[in-house]
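# Breakdown of the fold
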Amino acid sequence: MAEVKIVNVSKSFDGESKVVDDINLEIMDKEFVVLVGPSGCGKSTTLRMVAGLEEISEGEIYIDEKFVNDVSPKNRDIAMVFQNYALYPHMSVFDNLAFGLKLRKYRKEEIEKRVKEAAKILELESFLKRKPKALSGGQRQRVAVGRAIVRHPKVFLFDEPLSNLDAKLRVQMRTEISKLHKRLGATIIYVTHDQTEAMTMGDKIVVMKDGIVQQVDSPLNLYNFPNNKFVAGFIGSPPMNFISGTIYNSNGLYFMNTDEDLKISLLEKYRVPLSTLINQKVILGIRPEHILLESSKYNLMHKHFCSINVAEQMGNETILYFSLGEAELIARVTAIEKPSAGEKIPLFFDLEKLHFYDGENGEAIR
């Protein structure tokens, strides 16, 4: 396996606007790195530049310390799994798995050995004689992954491989790909727009927006310490709540929302980062699970009465939607607690779990 280095890489299709803007990434040997972001953020284009399927406008890419800007895709020693499987419909599963090896003129014995190894790993042994049309979506995706495995490449590239599967199959395939990574000790670069996939699969996550990397970090750090409002709102489901307001000092530090119907006394831990922002606009962020229906630690909570707009019963939990001035907020509570729409109830904000962002540029205030 190998390291991948992306150095000051940019891509422009028209010579003016950049769909990928000055990306720098270092992907370590055997690391599982996920590129995540909304549609059009440049993540697939970045992956295709690593694969050699898109020309690089600026910058350099290295695979296993080898400069590959001018190296053709077939000579980069990578294997790519596409969103649409890209299987040959007239070929059997065996022939689909073997096709790339035959093109490279491997011996028949070696081809058979590698295909059977991959089929065993992916539990495809009983399907080797079938055509793709006789397979389920999940089985077709496993064939696509198997075609990459037989190559024994230095780097695996996955371009939204699960987006065509139903919800249950996506969960199953997530687990299978994660297990495969551990079994092969592979270097994997994986593209998805689904933040749940990113959080559950990646050793390291790269969050992108408008062609620019917003944050590179572990899943836990992304969730607990987002660099800016975009990352905070993109990572987490339901997303983080945001309330616009002002910091002011009145025998202590307070946050008041724009509508002046929410006043929160801030803990001492926020004094240093926020004391320079007195009377300035900031954005308060709080995750849905940190808004509670009851509290055993009242000194560290803020109590506020709100009317529930919608209550979604999810089985193991209840998702509450409510309004606070102009802000539309979400709370996640246990399924035992079952308030109904229209009911006015007390909600507790966990003061230990507040996040603050600059009111102008959205950068995190640490």
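Provided above is the structure to which this section pertains.
Conventions and cut-offs
- Residues numbered from 1 in each chain as written.
- Predicted model: local features only at pLDDT ≥ 70, side-chain atom pairs only at ≥ 80, totals over all residues.
- Heavy atoms only, no water.
- Salt bridge = Lys/Arg side-chain N within 4 Å of Asp/Glu carboxyl O.
- Buried < 20%, exposed > 50% of the residue type's maximum accessible area, 1.4 Å probe, protein only.
- Pairing = 2+ DSSP bridges.
- Helix = DSSP H or I, 4+ residues; strand = E, 2+ residues; numbered from the N terminus.
- Phe/Tyr/Trp six-rings, centres within 6.5 Å; stacked < 30°, edge-to-face > 60°.
- Lys NZ or Arg CZ within 6 Å of the ring centre and 35° of its normal.
- Core = buried A, V, L, I, M, F, W, Y, C linked by side-chain atoms within 4.5 Å.
- Contact = heavy atoms within 4.5 Å.
- Axes fitted to C-alpha atoms, helices over the stretch in contact; angles between N-to-C directions.
- Parallel < 35°, antiparallel > 145°, perpendicular 65-115°, else oblique.
- Left-handed = near helix turned anticlockwise from the far one by under 90°.
- Nonpolar A, V, L, I, M, F, W, Y, C, P; charged D, E, K, R; others polar.
- Expected span 1.5 Å × (residues − 1).
- Arc of directions from axis to C-beta.

## Let's talk about the pattern of salt bridges
Taken as a whole, this structure holds 14 salt bridges when the rule is applied. Here Asp21 makes a salt bridge to Lys18, at a shortest N to O gap of 3.9 Å. A residue is classified by how much of its surface remains accessible, and Lys18, at 36% relative accessible area, is partly exposed. Glu176 is the partner of Arg142 in a salt bridge, and the nearest nitrogen-oxygen pair spans 3.8 Å.

## Some details on the pairing of strand S16 (residues 301-313)
Bridge analysis of S16 against strand S19 (residues 344-350) gives seven bridges, and the strand direction is antiparallel. The residue bridging Phe305 from the neighbouring strand is Pro346, located in S19. Hairpin connection, S16 to strand S17 (residues 317-324): the antiparallel pair is bridged by three residues, and Gly315 has positive phi, about 95°.

## Quick look at the packing of aromatic side chains
Applying the stated criterion across every chain yields a total of nine aromatic pairs. Consider the rings of Phe242 and Tyr357, whose centres lie 6.1 Å apart with planes at 75°: the pair is edge-to-face. With Phe242 in strand S11 (residues 241-249) and Tyr357 in strand S20 (residues 355-358), the pair connects residues that are 115 residues apart, well separated along the chain. On the accessibility criterion, Phe242 (22% relative accessible area) is partly exposed. Ring geometry for Tyr270 and Phe356: centres 5.5 Å apart, planes at 75°, overall edge-to-face. With Tyr270 in the loop between strand S13 (263-265) and helix H9 (271-274) and Phe356 in strand S20, this residue pair connects regions lying 86 residues apart in the sequence. Take Phe356: its relative accessible area is 3%, and that puts it in the buried class. Among the aromatic residues, those joined into a ring-pair cluster are Phe32, Phe158 and Tyr190. Directly above the aromatic system of Phe242 lies the positively charged group of Lys229, at a separation of 4.7 Å from the ring centroid. Above the plane of the ring of Tyr254 lies Lys263, whose end atom (NZ or CZ) is 4.6 Å from the centre.

## Topic: the nonpolar core
Judged by nonpolar contacts, the single largest core of 46 residues is most densely connected at Phe158, Ile177 and Tyr190. Examining the composition of this core, we find that five residues originate from one element, helix H4 (residues 137-149), more than from any other. In this view, Tyr190 contacts Phe32, Val33, Val34, Leu35, Phe158, Pro161, Leu162, Ile177, Glu197 and Met201; residues no more than four positions away in its chain are not counted. With 31 residues, the next largest nonpolar core counts Ile247, Phe255, Leu324 and Leu351 among its residues.

## Some words on the pairing of strand S7 (residues 155-159)
Burial analysis of S7 places five of its five residues in the buried class, the great majority of the element. Burial along S7 is two-sided: Val155, Leu157 and Asp159 and Phe156 and Phe158, pointing in opposite directions, are all buried. With four bridges joining them, strand S6 (residues 78-81) and S7 adopt parallel strand pairing. If you follow Ile78 over to S7, its bridge partner there is Val155. As defined by bridge partners, S7 adjoins strand S8 (residues 187-192) across five bridges and the pair is classed as parallel. When the bridges of S8 are listed, Leu157 appears paired with Ile189.

## Quick notes on the sheet that holds S6
Judged by pairing direction, the sheet is mixed, and its six strands sit side by side in the order S6-S7-S8-S3-S9-S10 without closing on themselves. The outermost strands of the open sheet, each flanked by one partner alone, are S6 and strand S10 (212-217). On average, each strand axis in the sheet is tilted by 15° relative to the strand beside it, whichever way the strands run. With five bridges connecting them, strand S3 (residues 32-36) and S8 associate as parallel partners. Of the residues in S8, the one forming a bridge with Val36 is Thr192.

## Quick word on the sheet that holds S16
Pairing within the open sheet is antiparallel, and its five strands lie in the order S15-S19-S16-S17-S18. Each edge of the sheet is formed by a strand with only one pairing partner; in this case those strands are strand S15 (291-292) and strand S18 (327-334).

## So, the packing of helix H2 (residues 93-103) against H4
Contact pair H2 / H4: the axes reach a minimum separation of 8 Å and the direction vectors enclose 30°. As judged from the angle between their axes, H2 and H4 are roughly parallel. In the packing of H2 onto H4, the handedness of the crossing is right-handed. Across the interface between the two elements, Val93, Asn96 and Leu97 of H2 pack against Val143, Gly146 and Arg147 of H4. Tallied by class, residues from the contact of H2 with H4 come to three nonpolar, two polar and one charged.

## Digging into the packing of H4 against helix H5 (residues 167-184)
Running from N to C, H4 and H5 point in directions that differ by 20°, and their axes come no closer than 11 Å. Judged by the angle between their axes, H4 and H5 are roughly parallel. In this structure, H4 crosses over H5, and the sense of that crossing is right-handed. The segment H4 lies against H5, with Gly138, Gln141, Arg142, Val145 and Ile149 engaging Leu169, Met173, Glu176, Leu180 and Leu184.

## Digging into helix H3 (residues 108-121)
Here H3 contains 14 residues, and its C-alpha end-to-end distance of 20 Å stays within 8% of the 20 Å for a straight helix at 1.5 Å per residue. Turning to H3, its buried residues number three or more, namely Ile111, Arg114, Val115, Ala118 and Ala119. The buried residues of H3 occupy an angular sector of 135° when the element is viewed end-on, so they sit on one face. Projecting away from the buried face of H3 at angles above 90 degrees are the exposed residues Glu109 and Lys120. In the core, the buried residues of H3 are packed alongside H2 and H4. Remark: Glu123 follows H3 within two positions and exhibits a positive phi of approximately 55°.

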